[in-house]
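For reference, the chains in residue letters:
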Amino acid sequence: MTVFEQVFKNVDDVLWKEAGCTTELDYTEQTSWLLFLKYLDGLEQDLADEAALAGKKYSYILEKAYRWETWAAPKGKDGKLDANKALTGDDLRDFVNGKLFPYLQGIKQKASGPNTIEYKIGEIFGEIKNKILSGYNMREIIGEIDALRFRSQAEKHELSHLYEAKIKNMGNAGRNGGEYYTPRPLIRAMVQVVAPKLGERIYDGAVGSAGFLCEAYDHLLKQYPKRTTAQDRTLQERTFYGKEKKSLAYVIAIMNMILHGIEAPNIIHTNTLTENLADIQDKDRYDVVLANPPFGGKERKEVQQNFPIRTAETAFLFLQHFVKTLKAGGRAAVVIKNTFLSNTDNASVSLRKLILESCDLHTVLDCPSGTFQGAGVKTVVLFFVKGSRTRRVWFYQLVPGRNLGKTNPLNDNDLAEFVQLQKSFADSPKSWSVDMDVVDRQSFELPVKNPNGGEEVAQLSPNEILDEIATLDAETAELLASIRTLL
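Residues numbered from 1 in each chain as written. Predicted model: local features only at pLDDT ≥ 70, side-chain atom pairs only at ≥ 80, totals over all residues. Heavy atoms only, no water.

Right, let's get into helix H13 (residues 314-325). For H13, with twelve residues, the first-to-last C-alpha span of 16 Å sits near the 16 Å given by 1.5 Å per residue. Burial in H13 covers these residues: Thr314, Ala315, Phe316, Leu317, Phe318, Leu319, Gln320, His321, Phe322, Val323 and Thr325. The residue sitting at the N-terminus of H13 and contributing the capping side-chain oxygen is Glu313; that oxygen lies 3.0 Å from the backbone nitrogen of Ala315. (Helix = DSSP H or I, 4+ residues; strand = E, 2+ residues; numbered from the N terminus. Expected span 1.5 Å × (residues − 1). Buried < 20%, exposed > 50% of the residue type's maximum accessible area, 1.4 Å probe, protein only. Polar contact = N/O pair within 3.5 Å; in protein donor to acceptor, adjacent residues only side chain to side chain.)

See the structure below:
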């Protein structure tokens, strides 16, 4: 176990004793705000050192009393914690709740605009609460987090992997945690097909934990290993854009992007759907959209007024938003419920017509059940280019040959054939094309029916079936135990 893994485990062990923290969601949230302040302290130290070398004076974002080095981890001359200055117990808890959080919330007032770090700090601390009720537990956690170093790219890389694992656990914890986690192999396949280029603006209007933006960033780093300083600035400041409605996801998205190496993420805390489509100008449009919008949600009537195709279904509103926010020639990959392809209600028919007539829906990836942990719905990924009508749709039916579940998730190998065949829209036992000439012009229905014999049934051995039953029994027992603790 690495130092980082040990620290995360130790922090979780302390949070487990906290009455205010009951789920993985709470653990991740509380770790996030403390990690953020530790990160900010390191960033400010680096900027102050750079200014000193250039003979300039650095203007700190936070006042001295509210910097990590002052309240969380004051050090003596020996570099160790100064026990005389370090608050603990009720004093520490009262300082955090009564002074630190109100100060950090208020810093937004000093911000010159929403893309500044001051604004982000204000947004984050305006949205979350400290749930660590014991100042002694907090002192222990601060001690663990203070030992972390994430200045170098290697350190950030390792921390980002661990943070991703926390987000994944949060998704597996059920409740609404699954909203924040799209399987990374699926995201990577979507990014590879859409193939973003350096200089393009990439957008996710339902950003969740920012998995799509982080994977797109990693993809661009690999595609362009030799970058100029100007290109790096473009990557940092003018490439990745997101919006997120939920407070916890907003905080996690920002922390996730920071750990991946994007220092001041362009993530806005807002309900994307309150934006009227008629107000979107050319300057607001993006080259690439990558998203897994929430489905099954219901939006109020006044939100529906913002859209030409009125529907309460959140995902259908997002789909209209994505089509509108794409530039002409812009590319999108969007996860949506598979019923979208065949539902007969007015909104579904109108939306299919909109996409097929104003975009080239060139690829549909049909995902198996179990792709998303804890979600019973089957999904498809729509890949389209805005600006020319659809003439032919290439379908690929993802059949991993095993039942997907918590202990047996989707992996990169499962999607390798899809990514390869998609380049030439090749036919295979799992892929086929449908010409628009055969699509009904009234319903625009696009049913996923494999003409090559349909979905294969995974043939499991008796031992594999028994393992599957044992896994399901264990998950059921775990669920019942967690319910029992609530009673």
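This part is about helix H1 (residues 3-16). Its 14 residues give H1 an end-to-end C-alpha distance of 20 Å, which sits within 8% of 20 Å, the value for a rise of 1.5 Å per residue. Residues of H1 that are buried include every one of Phe4, Val7, Phe8, Val11, Asp12, Val14 and Leu15, and no others. Relative to the axis of H1, the buried residues are bounded by an arc of 160° and lie together on one face. Across H1 from its buried face, at more than 90 degrees, point the exposed residues Val3 and Trp16. (Arc of directions from axis to C-beta.)

For the rest of this paragraph, the subject is the sheet that holds strand S7 (residues 379-386). Whenever strands of a sheet pair, they do so through backbone hydrogen bonds, lying parallel or antiparallel. Judged by pairing direction, the sheet is mixed, and its nine strands sit side by side in the order S3-S2-S1-S4-S5-S7-S6-S8-S9 without closing on themselves. The open sheet terminates on both sides in strands that have one partner only, identified here as strand S3 (266-269) and strand S9 (431-435). Going across the sheet, the axis of each strand differs from the next one's by a mean of 15°, ignoring polarity. Along the sheet, helix H9 (residues 211-223) makes contact with strand S1 (202-204), strand S2 (240-244), S3 and strand S4 (286-291), crossing S2 at roughly 170°. (Pairing = 2+ DSSP bridges. Axes fitted to C-alpha atoms, helices over the stretch in contact; angles between N-to-C directions. Contact = heavy atoms within 4.5 Å.)

Quick look at the packing of aromatic side chains now. Within this structure, the stated rule accounts for 21 aromatic pairs. With 5.9 Å between their ring centres and 40° between their planes, Trp71 and Phe95 make a pair best called tilted. Here Trp71, found in helix H3 (residues 68-71), pairs with Phe95, found in helix H4 (residues 89-106); they are 24 residues apart in sequence, far enough to count as distant. As far as burial versus exposure is concerned, Trp71 and Phe95 are alike and both buried. Each ring, one from Tyr241 and one from Tyr286, has its centre 5.6 Å from the other, and the planes form 50°; the classification is tilted. Separated by 45 residues along the polypeptide, Tyr241 in strand S2 and Tyr286 in strand S4 bring together distant segments of the chain. Given a relative accessible area of 14%, Tyr241 falls into the buried group. Tyr286 gets classed as buried once you look at its relative accessible area, which sits at 9%. (Phe/Tyr/Trp six-rings, centres within 6.5 Å; stacked < 30°, edge-to-face > 60°.)

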